[in-house]
Amino acid sequence: LHIKMGDDSKEPMNGQPPPDMKAAWEFYETYTLPRRILKDGTTDDYRKLEPGEVAEGSGLYGVWETPVDEIGDFGLGVYLYFKMLITLVGTMAVCIALNIPAVQHYTGSDYPAADVLAFQLSIGGNAVCDKLIPVCKTTEDCTCQTKEFDPTAVVADKELDMYFIESTTGSCALKSDCTMKWDLAYYDAAMLGFLVVGLFLLAKLQNAIVEEADEAEQTAQDYSIIVNDPDADATDPDEWQQFFQQFGHVTYVTVAIDNGVLIQKLADRRLIGRMIAFETATDEERASMFDPTENESAFEQLGGFKKKLIGVGLSNHVSAMRKKITKMDEEITELLTKTYSCVKVFVVFETEAAQRSCLKEMTVGTIPAILNTATNIPEHQRFRKENILSVSEAPEPTDVIWVNLETTMMHQVKELTFTMTLTVGLVAILGVCIWQISESSPTMAGFFVAACNGGLPAFMKALNETEEHLTQGSRQTSLLLKLVLSRWFTAAIITWIIRGFENTIRESFLTKAAAILFADAFTTPIIRCLDPGGRVARNVSAKSAKTQAKMNSNFTNTAWFLAERYTDMTKSLFVGLFFSALYPGGLVWTTCSFVMCYWVDKYCLFRLWKQPPAMDASLTAASRLQIAVICVVHSIIAGLFFAGFPFDNLQSTTDTATVTEIKTMLDGTTTTTIGDFTVYTDVDQKPAGMINIPTADWMASEQVDVVKMFSAINICVVVLVCVGYFGKTAAFSVYKLFYGEYIPVGDPNPDLYSFVPGIESYVPMYQTDKLPLPLLACNLELMDKEHISFTADYSKQDLTKDTVIAKAQESGTDISKCFSVCKQYKSPELIESENKQGK
């Protein structure tokens, strides 16, 4: 391959056309980016093209002009995420309005704080108190020798000067001279009340959206059920079709077997073959790639150092990849001789009413299904007149992870326990790092936290990939839990714990919060929008490709997780409300974060990210639970703030004493100030509780009233959240263990499954971010290919047609039992329609 310096022109390789960047960009726009087209007979109603589908007149989604309702084309979960961002912007506007009195107080003359150095902290008002006065702690006169602080110094050095007494005669201390306007606590309580009430209204709104979406657009889930505990030898789809026919016409049956290892091996073999094709341009080269003699000779010609790099995975070569495929062929051939068992069954009814009837009649508790002890299930609804099935509504087809369907619940619990232990350990290590960095530079600590929040998703996603989940929704929920735990602790909780009580209203502490919020609002969205990895791949790496296929492989979009976007959103809300009593200006940055995320994520969805699988509202419901916890945490932290103010651990007495302050100025001169001041004694102002906060003798009467109010609010909010969210969820989970319950949403839609445009079926497949389209893993002759979730030349995506499978068939191996089965049973209405059309 020869590349002329200074341009992108390339000479042909072995007679093949050279890779062309223009063709790669056309591939990117046509196949990689999501596209839409007007529905027939409409002028403003679009439908989203399937992955791989090409249609004349289609176009890209417009970032600015596409309404939020149209984002529903990407799935209900994605749509609800954007709707929630809009809702939170409005919510933050109300919260900012309720905090205007706090901003006025902290920026007014009655709260004489010095100008803060951090730009982020200077916006919107904060409770930083820099004015300290020397006082005596005994009735004897005292002399305090201090020094003037340098306002241009870094925060840590500045505070070292401000809050340091060089020497004293007698007992001298520094007293905060900032006063609190206690009415602010009532505005904060009003904001909390608004959030709690708004949360319940948000739940009703989102549930209404889910119901409306369910009725407006029919998907496979609306017609389908999943059997979670089928008989191991029940691999014949006809038997399942006959059994479920009692509820209505069965249109599809998919029998999934425990062949995950076989499918994974076949997919890995495809990936390696694809890498070889990237490096070999001609048909002759590809045809000889399995020649053992030629391949062994090519491998032996490699240098010893190159072989060592290949051995540890740091390098590669076509001959080494060919050796891997040869070994895989042996393993696959062995796997084809195994006997496989049924692990899950998906049944698609022709009508939604039939699906609901089945779920209503056959839904039982988990324990009765396992023990086969449910007495309310008649014999004709027991599979083979014996097995009481565990039946539930099926997930969406693109949500299923087919290679993991054989994973047992116990195995999942073990994996989750292991990964959560690692997550907690990582959070502890990061907490120590944050503590060490904050000792020297609060600003750097804030940006370190922001960097952690940016890097944690990559680590957590890698950790999450080690877990074998049955659905993408389950995988994302697990990722959501890890990210929430790690991000909330690193962003706020650890910072609060290590702050030191007397530093609560110091600039060094609140600067960390400001830096995190600013980074969430601007730094991380901009990095996300720049997509450095994707842009380097398309504009740099692609130019060195030897083949058009390899060049096109650099024009794939960036993988992303909806769970990560939800945790980014709730983390910004968490940090903003965590510190809002001390730093109301932080709500401004939180609002900016939601606005930026809406537009940046919309741009990324249309231009940079891989098209997501269709997901339900489970992540949205989980985010509401997080917001409920955020309300509890805000109430606790606000109560602790008002209970601990002014954070100087001094209590006034009725005595007075003469204080002499000798201050050394920056230019070396000294000034002396003499005055009579109230005598103060040492007292522990740190609140003795978190939820029910006790009052103390040192508190003013107004402060006592505020503390009592927040104690009552804390108890009410904790009880409300525990009962309304955790309690309800826990009670329902226990109920389902013994009884089970199916609650339909809205009325059944009369549309027939076979006549719903673009509807999918449960076709076993393998999906990976390394391939532009999924690989199919079943016999396609038994179904209508129109019900596959993507458009392509399906023969090229069919794993059952690979050469290693064909060779096994030639040797007499029966491969029909080695793959899951998806079989269609045409409804009378469909047969009649096809007859009329001459099909």
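Source: prediction; values computed, not measured.

Criteria and thresholds
- The residue numbers shown here count from 1 along each chain, following its written sequence.
- Predicted model: local features are reported for residues with pLDDT of at least 70 only, side-chain atom pairs are reported and counted for 80 or more only, and whole-chain, interface and lining totals are derived from all residues.
- Side-chain figures throughout are based on the complete set of non-hydrogen atoms in the structure, without hydrogens or water.
- For helices the rule is a DSSP run of H or I covering at least 4 residues; for strands it is a run of E covering at least 2, with both sets numbered from the N terminus onward.
- Throughout, exposure labels follow a simple rule: accessible area from a 1.4 Å probe, protein chains only, divided by the maximum for the residue type, with under 20% read as buried, over 50% as exposed, and the rest as partly exposed.
- We call two residues in contact when some of their heavy atoms are within 4.5 Å.
- Values of pLDDT, ranging from 0 to 100, describe the predictor's confidence in every residue of the model.
- An axis is simply a line fitted to the C-alpha atoms; with a helix, the fit covers only the stretch in contact. Between two such axes, the angle follows the N-to-C directions and lies from 0 to 180 degrees.
- Any angle that is under 35 degrees is reported as roughly parallel, and any over 145 degrees as roughly antiparallel; angles of 65 to 115 degrees are reported as roughly perpendicular and all others as oblique.
- Left-handed is the label given to a crossing in which the near helix is rotated counterclockwise from the far helix by less than a right angle, and right-handed is the label when the rotation is clockwise.
- At least two DSSP bridges between two strands are required for those strands to pair.
- By definition, a salt bridge exists where a carboxyl oxygen of Asp or Glu is found within 4 Å of a side-chain nitrogen of Lys or Arg.
- The arc in question is the one traced by the directions running from the helix axis out to the C-beta atoms.
- Within the patch definition used here, like charges are joined within 9 Å and nonpolar side chains (Val, Leu, Ile, Met, Phe, Trp, Tyr) within 5 Å, considering only residues with over 30% relative accessible area and no salt bridge.
- Note that accessible areas follow from Shrake-Rupley with a 1.4 Å probe, and for residues the cover is restricted to the protein chains shown.

A.B. asks: Can you lay out the overall build of the protein chain for me, pointing to particular residues and giving the numbers?
C.D. replies: In terms of helices and strands, the protein chain carries 26 helices and 16 strands. When burial is assessed residue by residue, the protein chain has 50% of its 839 residues classed as buried. Partitioning the intrachain contacts of the protein chain with sequence separation of at least 6 by distance along the chain shows that 78% fall at a separation of at least 24.

A.B. asks: Before we move on, could you go through the confidence of the model for the protein chain and cite the residues and values that matter?
C.D. replies: Counting all residues, the mean pLDDT for the protein chain is 85, and 88% of those residues have values of 70 or more. Across residues 1–14, confidence stays below pLDDT 50; counting only partners more than four residues off in sequence or on other chains, it has 29 contacts. For residues 287–294, every residue scores under 50 in pLDDT, and the model assigns this stretch seven contacts once sequence neighbours within four places are set aside.

A.B. asks: Got a sec to walk through the packing of helix 22 (residues 618–644) against helix 23 (residues 701–738)? Specific residues and values, please.
C.D. replies: At their nearest, the axes of helix 22 and helix 23 sit 9 Å apart, and the two run at 165 degrees to each other. The angle between helix 22 and helix 23 places the two elements in the roughly antiparallel class. Crossing handedness for the pair helix 22 and helix 23: left-handed.

A.B. asks: Which residues make up the sheet that holds strand 3 (residues 59–60), and what are the values?
C.D. replies: Here three strands make up an open sheet; going across it, the order is 2-1-3 and the pairing antiparallel. Looking along the sheet, the strands with just one partner apiece sit at the ends: strand 2 (46–48) and strand 3. Both strand 1 (residues 35–38) and strand 3 contribute to a ladder of two bridges, which runs antiparallel. The residue bridging arginine 36 from the neighbouring strand is glycine 59, located in strand 3.

A.B. asks: With reference to specific residues and values, describe the pattern of salt bridges.
C.D. replies: Using the criterion set out here, one finds 25 salt bridges in the structure. A salt bridge links glutamate 564 to lysine 461; the shortest N-O distance between them is 3.2 Å. Residue glutamate 564 is found in helix 20 (residues 562–578), and its partner lysine 461 is found in helix 15 (residues 442–465); the two are separated by 103 residues along the sequence. Just as glutamate 564 is buried, lysine 461 falls in that class too. Beyond isolated ion pairs, a larger network of salt bridges with shared partners links Arg487, Arg528, Arg565, Asp568 and Asp601.

A.B. asks: Give a detailed account of helix 18 (residues 532–539), specifying residues and quantitative values.
C.D. replies: Turning to helix 18, its buried residues are Gly534, Ala537 and Arg538. Along helix 18, the residues classed as buried sweep out an arc of 90 degrees about the axis, all on the same side.

A.B. asks: Lay out the pairing of strand 5 (residues 142–147) in plain terms, naming residues and giving numbers.
C.D. replies: Only one face of strand 5 is covered, namely the face carrying Cys142, Cys144 and Thr146; the face carrying Thr143, Gln145 and Lys147 is uncovered. Sheet analysis places strand 5 next to strand 12 (residues 650–664), joined by six bridges and oriented parallel. Counted as the bridge partner of glutamine 145 is isoleucine 662 from strand 12.

A.B. asks: Describe a nonpolar patch on the surface, with residues and values.
C.D. replies: Together, Phe732, Val734, Tyr735, Leu737, Phe738, Tyr739 and Ile743 give the surface a local cluster of nonpolar side chains, amounting to about 690 Å² of exposed area. Following the sequence through the fold, tyrosine 735 ends up in helix 23. Its relative accessible area of 37% is what places tyrosine 735 among the partly exposed residues.

A.B. asks: Break down the pairing of strand 7 (residues 172–176) for me, citing the residues and quoting the values.
C.D. replies: When you tally the buried positions in strand 7, you get five out of five residues, the bulk of the element. Burial along strand 7 is two-sided: the face carrying Cys172, Leu174 and Ser176 and the face carrying Ala173 and Lys175 are both buried. Where strand 4 (residues 132–136) meets strand 7, five bridges bridge the pair, whose relative direction is antiparallel. Bridge pairing in strand 7 places valine 135 opposite alanine 173.

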